[in-house]
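Below are the chains, spelled out letter by letter.
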Amino acid sequence: MGVRKDPVVAKERGTRARHRMSAARSSSEPDEELMRALYREHAGPLLAYVLRLVAGDRQRAEDVVQETLIRAWKNAGSLNRATGSVRPWLVTVARRIVIDGHRSRQARPQEVDPSPLEVIPAEDEIDKALWLMTLSDALDDLTPAHREVLVETYFKGRTVNEAAETLGIPSGTVRSRVFYALRSMKLALEERGVTA
C-alpha cells in the first residue's frame, strides 16, 4: 500500500502527531509516550533529510536527529499550539543544528596527531643542547693555550696544580691563562647574545 503525498494526508498526519503529543502530555507517563510518538512519526524521514546535509555521516546524522527530537520534546507545549505539521519545525531545527555544528568546527583549530611531538626532545634538553653548541662555538674563538687550560680546569674539574702538571707548565701560568681565557670567553659569548 503506497502513501499518498498530498496536502490532505500531510494535514492529517500533522493533526495526528499533535494529538499524540497532547495525549502524551496528559497521560500518566507523558515524557516517554511523547518521545515515542515523535520518534515513530518523524525519525525516519528526518534521518534521511539530515544524512543529505551531513554528506552521509550516519553517526553525525543520528546525533542531529536525537538532538532535534529532544528539542521538540522540550518545546512540546509550543508545538501543540502551532497549526499544521510538526515536521517543518523539526526540519528547521535539524538544519540549524547541522549549521551550528559546521560553524563550531570551523571556529575550532584543527586537531593534530600528537605522536610527532613525542620524538622531539623536552624543552630543557633543547636548551641544554643549544647552550653546549654556543659554548663549543665560543671555545673555538679562543687561542689553543687558553682553550686547553679552561678544558682542564672547568670541564675536567682539575685543580690549578693538577692542570699545570697535565699541561707541563707552571701553575702561575695556568692561573694567568685561566684569567685571560675567561675574559675572552665572556666576550665570545656576548657576541653570541649570551649575557651573564
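The shown structure was predicted, so the numbers you read here are calculated from the model rather than taken from an experiment.

## Some thoughts on helix α5 (residues 87–107)
Move 1: Spanning 21 residues, α5 covers 30 Å between terminal C-alpha atoms, matching the ideal 30 Å at 1.5 Å per step.
Move 2: Within the span of α5, buried status applies to L90, V93, A94, I97, V98 and G101. Looking straight down α5, one finds its buried side chains confined to an arc of 135°; they lie on one side. With respect to the buried face of α5, the exposed residues turned more than 90 degrees away are P88, R96, R103, Q106 and A107.

## Describing the nonpolar core
Here is a general trend for soluble globular proteins: nonpolar side chains tend to be buried in one another's company.
Move 1: Counting residues in hydrophobic clusters, the biggest one holds 20 residues, and the most contacted among them are V50, V64, V65, L69 and L90.
Move 2: At the level of elements, α2 (30–53), α3 (58–74) and α5 are the ones that each hand at least two residues to this core.
Move 3: For this core, the element with the highest residue contribution is α2, accounting for 7 residues.
Move 4: With sequence-adjacent residues up to four places away left out, L69 is seen in contact with M35, L38, Y39, A43 and L90.
Move 5: With 14 residues, the next largest nonpolar core counts L150, A163, V178 and M185 among its residues.

## Focus on the pattern of salt bridges
Move 1: Within the structure shown, the criterion is met by 6 salt bridges.
Move 2: Between D141 and R192 there is a salt bridge, and its shortest N-O distance comes to 2.7 Å. Taken together, the positions of D141 in the loop between α6 (123–140) and α7 (144–155) and R192 in the segment after α9 (171–191) put the pair 51 residues apart, joining distant regions of the chain.
Move 3: Among the ionic pairs, E152 bridges to R158, the shortest N-O distance being 2.1 Å.
Move 4: The exposure class of E152 is buried, given its relative accessible area of 7%.

## Some points on the confidence of the model for the protein chain
Low-confidence regions, as indicated by low pLDDT, have predicted coordinates that should not be scrutinised in detail.
Move 1: Taken as a whole, the protein chain shows an average pLDDT of 78; of its residues, 73% reach a score of 70 or greater.
Move 2: When mean pLDDT is taken per element in the protein chain, helix α8 (residues 160–167) scores highest with 93 and helix α1 (residues 7–26) scores lowest with 50.

## Structural notes on the layout of surface pockets
Move 1: Here the second largest pocket defines a volume of roughly 190 Å³.
Move 2: Taken together, M35, R36, Y39, A43, G44, L47, E62, V65, Q66, L69 and I70 make up the full set of residues lining the second largest pocket.
Move 3: Counting only elements with at least two residues in the lining of the second largest pocket, the list comes to α2 and α3.
Move 4: Here the element with the most residues in the lining of the second largest pocket is α2; it accounts for 6 residues.

## Describing the side chain of E152
Move 1: Within the secondary structure, E152 is located in helix α7.
Move 2: Excluding anything up to four places from it in sequence, E152 contacts G157, R158, A163, T166 and L167.

## Overview of the packing of α3 against α5
Move 1: α5 packs onto α3 with a crossing angle of 125° between their chain directions and a minimal axis gap of 9 Å. Between α3 and α5, the crossing angle belongs to the class labelled oblique. With respect to the hand of their crossing, α3 and α5 are arranged in right-handed fashion. Taking contact as the criterion, the partners of R60, V64, E67, T68, L69, R71 and A72 in α3 are, on α5, W89, L90, V93, A94, I97, V98 and R105.
Move 2: Partitioned by chemical class, the residues of the contact of α3 with α5 number 9 nonpolar, 1 polar and 4 charged.

Analysis parameters
Residues numbered from 1 in each chain as written. Predicted model: local features only at pLDDT ≥ 70, side-chain atom pairs only at ≥ 80, totals over all residues. Heavy atoms only, no water. Helix = DSSP H or I, 4+ residues; strand = E, 2+ residues; numbered from the N terminus. Expected span 1.5 Å × (residues − 1). Buried < 20%, exposed > 50% of the residue type's maximum accessible area, 1.4 Å probe, protein only. Arc of directions from axis to C-beta. Core = buried A, V, L, I, M, F, W, Y, C linked by side-chain atoms within 4.5 Å. Contact = heavy atoms within 4.5 Å. Salt bridge = Lys/Arg side-chain N within 4 Å of Asp/Glu carboxyl O. pLDDT = per-residue confidence, 0-100. 1 Å grid on protein atoms, 1.4 Å probe; cavity = no way out; pocket = protein on both sides within 12 Å on 5 of 7 lines; lining within 4 Å. Points joined across faces, edges and corners; volume = space filled by probe spheres on them. Axes fitted to C-alpha atoms, helices over the stretch in contact; angles between N-to-C directions. Parallel < 35°, antiparallel > 145°, perpendicular 65-115°, else oblique. Left-handed = near helix turned anticlockwise from the far one by under 90°. Nonpolar A, V, L, I, M, F, W, Y, C, P; charged D, E, K, R; others polar.

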